[in-house]
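If you want the building blocks of each chain, they are given just below.
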Amino acid sequence: MPIPITARGAEKLKEELQRLKSVDRPAVIQAIKEAREKGDLSENAEYDAARERQGFIEGRIQELEGKLGALQIINPAEVDAGGRIVFGATVSLEDLKAGEQVKYQIVGDDEADIKAGMISISSPIARALIGKSEGDLIEVAAPGGIREYEVLEVSYV
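Conventions used here
Residues numbered from 1 in each chain as written. Predicted model: local features only at pLDDT ≥ 70, side-chain atom pairs only at ≥ 80, totals over all residues. Heavy atoms only, no water. Core = buried A, V, L, I, M, F, W, Y, C linked by side-chain atoms within 4.5 Å. Buried < 20%, exposed > 50% of the residue type's maximum accessible area, 1.4 Å probe, protein only. Helix = DSSP H or I, 4+ residues; strand = E, 2+ residues; numbered from the N terminus. Contact = heavy atoms within 4.5 Å. Polar contact = N/O pair within 3.5 Å; in protein donor to acceptor, adjacent residues only side chain to side chain. Salt bridge = Lys/Arg side-chain N within 4 Å of Asp/Glu carboxyl O. Pairing = 2+ DSSP bridges. Axes fitted to C-alpha atoms, helices over the stretch in contact; angles between N-to-C directions. Expected span 1.5 Å × (residues − 1). Bend = angle between axes of the 7 residues up to and from the residue. Parallel < 35°, antiparallel > 145°, perpendicular 65-115°, else oblique. Left-handed = near helix turned anticlockwise from the far one by under 90°. Nonpolar A, V, L, I, M, F, W, Y, C, P; charged D, E, K, R; others polar.

The tendency in soluble globular proteins is for nonpolar side chains to be buried as a group. Core analysis: the biggest nonpolar cluster contains 16 residues, and Ile85, Leu93, Ile125 and Leu129 have the highest contact counts within it. Breaking this core down by element, the ones donating at least two residues are β3 (90-95), β4 (101-107), α3 (124-129), β6 (137-142) and β7 (145-155). For this core, the element with the highest residue contribution is α3, accounting for four residues. Setting aside its immediate chain neighbours within four residues, Ile85 contacts Val91, Ile106, Leu129, Ile130, Gly131, Lys132, Val151, Val154 and Tyr156. One finds Val28, Ala35, Ala50 and Ile61 within the second-largest nonpolar core, a separate group that totals 14 residues.

This is the structure in structure tokens:
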């Protein structure tokens, strides 16, 4: 099944994979070698920590290689959704209760970063937004209860 992602998100995953293979993997191999040289491995905390880190790195490399093969890169600027909210769209909303405005881009799970205004396609707010247009009202179940938003603007940047 294809995994939707923006070009920026795909590039970040590729960079992480490259760093893991060219920097992190060699560093942990060196750390294991140095820990082995200290003798008894049964009580060697450095060795255990390095082996654990190696397991994490190898697992993440496998995960990224699998994902990169299944990515469906979507360029929001090339999307013609007729003003409807779709993956990659940037949406300006007004919280009707608080009167505050927020702006989010709907992105893939691997690139979501709420502090940067990037929300996952699988988040409750993104699921409520998909298919909506400017002027539409949405309701989102949030931890503090139901929140109502008005869609102010939809863009594909």
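After that view, the rundown keeps rolling.
So, on to the side chain of Asp95. Note that Asp95 resides in strand β3. A polar atom in the side chain of Asp95 sits 3.2 Å from the backbone nitrogen of Ala98. Not counting residues up to four positions away in its chain, the partners in contact with Asp95 are Glu100, Arg147, Glu148 and Tyr149.

We now examine the pattern of salt bridges. In this structure the tally under the stated criterion is nine salt bridges. The shortest N-O distance in the salt bridge between Arg19 and Asp24 comes to 2.5 Å. Accessibility expressed as a relative area gives 12% for Asp24, which makes it buried. In this structure, Asp95 and Arg147 form a salt bridge, with 2.2 Å as the shortest nitrogen-oxygen distance. In this pair, Asp95 is assigned in strand β3 and Arg147 in strand β7, connecting sequence segments 52 residues apart. Classification of Asp95 as buried rests on a relative accessible area of 3%. Judged by its relative accessible area of 33%, Arg147 is partly exposed. Beyond isolated ion pairs, a larger network of salt bridges with shared partners links Glu16, Arg60, Glu63, Lys67 and Asp110.

Attention shifts here to the sheet that holds β4. If you trace the five strands from one edge of the open sheet to the other, you get β5-β4-β3-β7-β6, paired in mixed fashion. In this open sheet, the two strands that pair with only one neighbour each are β5 (118-120) and β6. Going from strand to strand, the sheet's axes swing by 45° on average, the running direction of each strand aside. With six bridges connecting them, β6 and β7 associate as antiparallel partners. Note that in β7 the partner of Val140 across the bridge is Arg147.

A few words now on helix α1 (residues 7-36). Between the first and last C-alpha of α1 there are 42 Å, a value that for 30 residues agrees with the 44 Å anticipated at 1.5 Å per step. In the structure, α1 departs most strongly from a straight axis at Leu20, where the bend amounts to approximately 40°. Listed as buried for α1 are Gly9, Ala10, Leu13, Leu17, Leu20, Asp24, Val28, Ile32 and Ala35. Where α1 is buried, its residues touch β1 (3-6), α2 (45-70) and β2 (71-74).

Once that is clear, we can look at the packing of α1 against α2. For the pair α1 and α2, interaxial distance at closest approach is 9 Å and the crossing angle is 155°. Taken together, the axis directions place α1 and α2 in an arrangement best described as roughly antiparallel. For the pair α1 and α2, the crossing hand works out as left-handed. Residue classes in the contact of α1 with α2 are distributed as 15 nonpolar, one polar and twelve charged.

So, to be careful, I would describe these as geometric facts and stop short of saying anything about function.
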